[in-house]
Structure formats: structure tokens, C-alpha cells
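Structural overview for review
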Amino acid sequence: RVGNRPGVELQQFSLGRMDTTSSVMTITQADVSSKVNSFAITGDTRTPEAPETAKVAWSRSNFRASGWKEEDFLKPIVTIGAPYSNNMPCNNQHKDLAELIGEELEKRGCKAHYAFTPVISDGLTQGTRFMRYSLVSRDAICDTIEIMHEGYKADAIITLGGCDKSVGGVVMPMVRKDMIGLSLFGGPALPGLAHKQGCPDGELQRVDGGVMSEIIPQLTAGLLDIEELHRMECAAAPGSGGCAAMFTASSMAFAVEAMGMSWPGSASHPAMTRSDTRGLTEQKRRDCEIAAEAVVKLLANKLTCRQIVTKKSLENAVAVVYACGGSTNCVLHLLAIAHEAGIPKDVFCIDDFDRVGKHIPILVACSPHGKFHVVDVDEHGGLPIVMKELLNAGFLHGDCITCTGRTVAENLAETKSIAELGDQEVLYSVQRPYKPAGNHILVLHGNLCPESAVVKLSGKTNIFHKGPARCFNEENDAYEAIVAGQIKKGDVLVIRYEGPKGSPGMPEMLMPGGALIGCGLGKDVALVTDGRFSGASHGIMVGHVSPEAAVGGPIGLVNDGDIITLDPNNRLLTVDVSDEEMAARRAKWSPPPAKPNTSGVLGKYAKLVASAHVGATTS
């Protein structure tokens, strides 16, 4: 049986080992037996008189008008799900990648079916009200791919992940409908390079989105001039690809690879080079060939996504997120994937993150908690090196099947260990970790978060914070208070009505969090919110507080001056207000009116979306 999923049997097989370094890639031809779904829309032209074939003659007329030939009706249809925008570096190569995958599929006897979806970037919308559309786009991506795949009765799928929520968004429909296929990450960008301020001839230093979030508030606070901000702005994002650091995009890409849904080692392959910041790299071209070859073999063997994504494979993903010091957004997205995979809440839920993660030390010294970037991980062997370390330490389920047709243990059999890398500072062993276990993402409970909340420590230890609440009902109001010097050491900054329903859309609080760091308050002020955080966030940050304020959660009943206690060691987030007083406040509370300009898509989302406690899902 597969991953404790009752009733699912898996016939053992192997796709065979592909030589991914050879200049000549194997080309396996798909055959008519791989048309597991699409006869329903093309009919079987070998039996034109059959009623089910004659019935879809008009469908074939439409396919012919699109350029199909007679022989194409006996080929499997493979969807290429690609969130695409020409104006976002995380996804601006996805049209090129999709077309290249399409060419490779056609070589293998398949018909490529393009499904381009909308996509919103957290980075591009950071600090604006338009970020309300960002998490919304995750579910729009999921629904759009389902529509395009199921509406054409396609046989298999290859999806492309780029910016953070799109990486989870493209996997969600694959497990929702138990498709056959795999996912490919577009790749991280390289970090920006800039000279240190005042040292134009000095050594170049690395810059990323986390640095930008911390220096922007310094302009308002008078700690930075506009010329320096512009210089950094022009250097921070040098070309195509997701964020260069272990922010949400790469965190989720590593998680998807760990759960077996993408080809081993592909998650860390950069999207760009210094000499060509926009064109597809040779490695990414090879990744497209591998994906096309793999999906043909997955089709032949009928290995579906729900056979890959199980409780055990999700636990592998969680272990990797913790080992890499990954983003709290992974909690939302992995819960959403589990939900779409039909895994019951009593089998996999938010508390499983703490159960699995508390044993996992941080092994990767990546920004925002370290000085390196994802390209450095790639140069040292990528995620398989980290997974081999976790497997040898007993932290992974080696028997989980993956999109290679082999198990995790089989995939890693020939992978080097971290010890074999020799002297380096990027990857660390379990015995001598970069940061000890139990000090990364913690799941909290308490009277301020009766469902749950999430805190990211990124290796920080001995964190305990108790202080008076400073409450704000809008992210920007809190940001302005910070840069105006109104937030003092010891305060607990409460930002509410920014949850899935309340904002709506649960935007990231990177800008106020970055402002605390930039204004020297990062170690002395805790930020507590029903919104979420960027993977770039660090400091004392508590998010995903549930129930959220908009549904009457306790965070909406807190008053200025109430004493809030964050006690990570005991997994507690509490407010010093009696149950009687809280009940009295709740009796006087009424839901606030909808925020301006939140009709349409945002209004629909607010009605449908579930609590962050279960992944902010809408299905």
C-alpha cells in the first residue's frame, strides 16, 4: 500500500535510470495505450463507426481547425500548465519553457496542450494593497489548470512553478484530480551584486529581496538617501528566476521535489546566468527534455499523483523545509496540497509540522538566515545531498515512490553525503548542523490563537517576549507607525484584519517586518498578525493567527496595552485577558464592513476561503 492511503495498491516498476548528463537524451515514443482519458474527446478513429467516436466528430473538426492531422487523434494529450507573466522575473520564462516542453512532447508522439494561467508576484506587489491578489492567485492557478486539463480530457500533465504560491498552486490540481504527471520549477535567479555603500571600488556584495525590504524603510526614517536606494534597486534582481534566497519559491520547490513530484536535483537549477539573464540555460533546457521523457513513462506505467503525494511524502517535504530553513508559507501550501489530495485532517494537519520539524536541524546556510543562496546549494549537489543526509539520519521515508518510478531511497542510492563534499560552509551535517533542531518553524496554540499560529525562528534560541499590544487594523498603518518612531522596544505589534477573509487575501507583512529590522527593532519587538510573512522575513514574527479577526477571532478583540506573551519553548501565544473579559468583548464585537475595492474576485474569495489553520483552501 502507498503511504498509508487505504485501498491504493501500487505495482512496483521503474522508469529506468536516465543519464541526465549525456548530450543525447533518450526519446521514448508514447503509443495509443497512453490515451487514458482523451478518447472521450477525440474518439477512437480506428473505429469511426462506433457511436462514441461518431458523437465527437465536431470535436475533431475543431482539433483539425487547430492544425491536427489524422494521426494526431491516436496520440495522448499532455497539458502543460504554466503560470505566466512577461512582467515578472519568476515566471517570465514560462512561455519559453512551455513551448520547449511542447516540442519535446511532440517528438515523443504526444500532443501538447498549453494551459497558461494568471499569476501574481509577492515580490512585485510587496507592501501594496494589490498583494491581496497574490494568495488568491494560488487557487486561481489551481482552478484554471483543472479547467484546462479536465475540459480537454487530457491524459497527463507537466506543470511549471515559479513565484512562491505558483509552485504549490500547480501541484494542487494534479492531486485534486489524481492526474498523471510531474512538476518542474522554473529555477531561482542569481543574487544581485552591488558594491558596499561608499566603496565603489570594493568587493561586490550579494543583494536580494530581503535586503531591499530592510533598506526601503530606512529612507523614510532618514537613514538612507534616495540615490543609494536607487542604486540598490537596480542591482537587487539581476534577471529571470524566483528569488535567489531560500524564500518561499525555492522553499516550495524543494518541498515539491522532496515529496517526489519533480525530478531529483532540478529544484535548485538556476534560471539564468550572469552572461545571459533572460535566456533559458542549457540545464533548464535539459530539465524540459527530462520532464517530457518522464511523463511518457509515467503514462505508460499509469503512476498517478495521489500514489506519489501521501502522508509520508508530505512528511518528507516538511522535513526538507525545516532542514533548509524554509518559509512559513510552506505550511499554507503543503496543507492545501494535502487537502486537495484528499488526505483527511486527522491524518495530516498543521500540528504534523511541529511533530516532524522539531527533530530536524537547519542544514543549509541560505539567506535569509545564512549568507549563501540557492545557486550555492546547486553547486554543491542540490537538494539530493540534503535529502541523503536526512535519509541516513532516519528523518525521511525512503520507501515513498516518486515521479522517477523509483523510491526516495533508490533515487538517493548513488548521491554523495555532505561529509564527502569536504571543506565548505553551505551544507551542514545532522551531527554538526548550521542551527540546532527545534528552533525554526513552530506551531503555537493559546487563548490568542485557539486554532493555531505559526512562528519562524530560523535558528534563533531562547526567544521569549512579553509586552503591551499596539494594535493596527491595516498593514500600512503599522508600517507608518514604525518608520515614524511610534513603536518602542518591548512592544507587541498586532496587525489584524489581514487574514484570508479579512484583507481579503492574507497578504504578507514583509514591509512592516522589514521596517522593524531596518529601524533596529527586530530583536526587541514581536509582530503578531492574522496575515502571513514572506520567506524573506526574519525577526520575532508570528503569523497565520487563527481564527482570524474577521471571523471574531481573539486577535480582533485585543486592545492596546493588553499584555501578550510569546513563549516558543512551550508553543504558546497568549494574551493576559480573562475568559470572562474576552467573552464580554466578543459580545460587543460585530464584523467590520468589507474593505474598499474588495468586490468581484476578492469578494468571492472571502466567502469561500477556509482558515489558515487548514491552508486557506477554497475547494
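Above: the structure in question.
What this report covers is the structure whose coordinates are included nearby.

What counts, and at which threshold
- Residue indices follow the written sequence of each chain, beginning from 1 at its first position.
- Residues qualify for local features only when their pLDDT is at least 70, as the model is predicted, and side-chain atom pairs are given and counted only at 80 or more; totals for whole chains, interfaces and linings, by contrast, use all residues.
- Excluded from the side-chain calculation are hydrogens and water; included are all heavy atoms of the structure.
- In this text, helices come from DSSP runs of H or I with a minimum length of four residues, and strands from runs of E with a minimum of two, each type numbered from the N-terminal end.
- Each radius of gyration reported is based on C-alpha atoms, and the globular scaling rule is 2.2 Å times the count of residues to the power 0.38.
- Throughout this description, buried means an accessible area under 20% of the type-specific maximum (1.4 Å probe, protein chains only), exposed means over 50%, and partly exposed covers the range between.
- Residue contacts follow a heavy-atom distance rule, with two residues in contact if any of their heavy atoms lie within 4.5 Å.
- Only the protein chains shown count as cover for residues, and the accessible areas themselves come from Shrake-Rupley with a 1.4 Å probe.
- At least two bridges found by DSSP between two strands are what make those strands a pair.
- To get an axis, a line is fitted to the C-alpha atoms, and for a helix only the part in contact is used. The angle between two axes follows their N-to-C directions and goes from 0 to 180 degrees.
- Think of a polar contact as two N or O atoms within 3.5 Å of one another; within protein, one of them needs to be a possible hydrogen donor and the other a possible acceptor, and neighboring residues in sequence only count if both atoms come from side chains.
- In what follows, salt bridge is the name for a side-chain nitrogen of Lys or Arg lying within 4 Å of a carboxyl oxygen of Asp or Glu.
- Left-handed describes a crossing whose near helix is turned anticlockwise from the far helix by less than a right angle; the clockwise case is right-handed.
- Each residue is assigned to one of three groups, with Ala, Val, Leu, Ile, Met, Phe, Trp, Tyr, Cys and Pro labelled nonpolar, Asp, Glu, Lys and Arg labelled charged, and all others, Gly among them, labelled polar.

1. What to know about the overall build of the protein chain
- Summing up its helical and strand segments, the protein chain has 22 helices and 14 strands in all.
- Compactness check: the protein chain gives a C-alpha radius of gyration of 24 Å against a globular reference of 25 Å for 619 residues, within 12% of the reference.
- For the C-alpha atoms alone, the extent of the protein chain along its principal axes is close to 80 × 60 × 45 Å.
- A burial count over the protein chain gives 61% of its 619 residues as buried.
- Excluding contacts between residues fewer than 6 apart, the proportion of contacts in the protein chain whose partners are at least 24 apart in sequence is 75%.
- A total of about 23,100 Å² of accessible surface is found on the protein chain, and carbon and sulfur atoms cover 52% of it.

2. Concerning the sheet that holds strand 2 (residues 111–117)
- As summarised here, the arrangement of the four strands in space is 2-1-3-4, forming an open sheet in which the pairing is parallel. A single partner strand is all that each edge strand has here, and the edge strands are strand 2 and strand 4 (181–185). On average, each strand axis in the sheet is tilted by 20° relative to the strand beside it, whichever way the strands run.
- As judged from the seven bridges shared by strand 1 (residues 77–83) and strand 2, these two strands associate in the parallel manner. Across the sheet, Ile77 pairs through a bridge with Lys111, a residue of strand 2.
- Sitting on the sheet, helix 7 (residues 164–176) is in contact with strand 1, strand 3 (156–161) and strand 4, with an inclination near 165° to strand 3.

3. A closer look at the side chain of Asn411
- Within the element layout of this structure, Asn411 appears in helix 18 (residues 408–411).
- Within the local environment of Asn411, its side chain forms a polar contact with the side chain of Arg406, the two groups lying 3.3 Å apart.
- Residues within four places of Asn411 in sequence aside, it is in contact with Pro264, Thr402, Thr404 and Arg406.

4. Considerations on the pattern of salt bridges
- Enumeration over the complete set of coordinates arrives at 36 salt bridges.
- Linking Arg64 and Glu70 is a salt bridge whose minimum nitrogen-to-oxygen distance equals 2.9 Å.
- According to the relative accessible area criterion, Arg64 is partly exposed, its value standing at 37%.
- The residue Glu315 makes a salt bridge to Lys311 at a minimum N-O spacing of 3.3 Å.

5. Details of the environment of Cys519
- Inspection of the secondary structure assignment puts Cys519 in the loop between helix 20 (510–518) and strand 11 (526–529).
- The exposure class of Cys519 is partly exposed, given its relative accessible area of 24%.
- Apart from residues no more than four positions distant in its own chain, Cys519 is found in contact with Ala221, Ile482 and Val483.

6. A word on the packing of helix 10 (residues 248–258) against helix 13 (residues 311–323)
- Closest axis-to-axis distance for the helix 10/helix 13 pair is 8 Å, and the angle between their directions is 145°. Here helix 10 runs over helix 13; the crossing is right-handed. Facing Ser251, Phe254, Ala255 and Ala258 of helix 10, the residues of helix 13 in contact are Ser313, Asn316, Ala317, Val320 and Val321.
- Within the contact of helix 10 with helix 13, the residues separate by chemical class into six nonpolar, three polar and no charged.

7. Overview of the environment of Pro361
- Take Pro361: it is sitting in the loop between helix 15 (351–357) and helix 16 (374–379).
- Taking the C-alpha atoms as reference points, Pro361 and Ser251, separated by 110 residues in sequence, lie 15 Å from one another.
- Apart from residues no more than four positions distant in its own chain, Pro361 is found in contact with Tyr322, Ala323, Phe395, Val430, Pro433, Lys435, Pro436 and Ala437.

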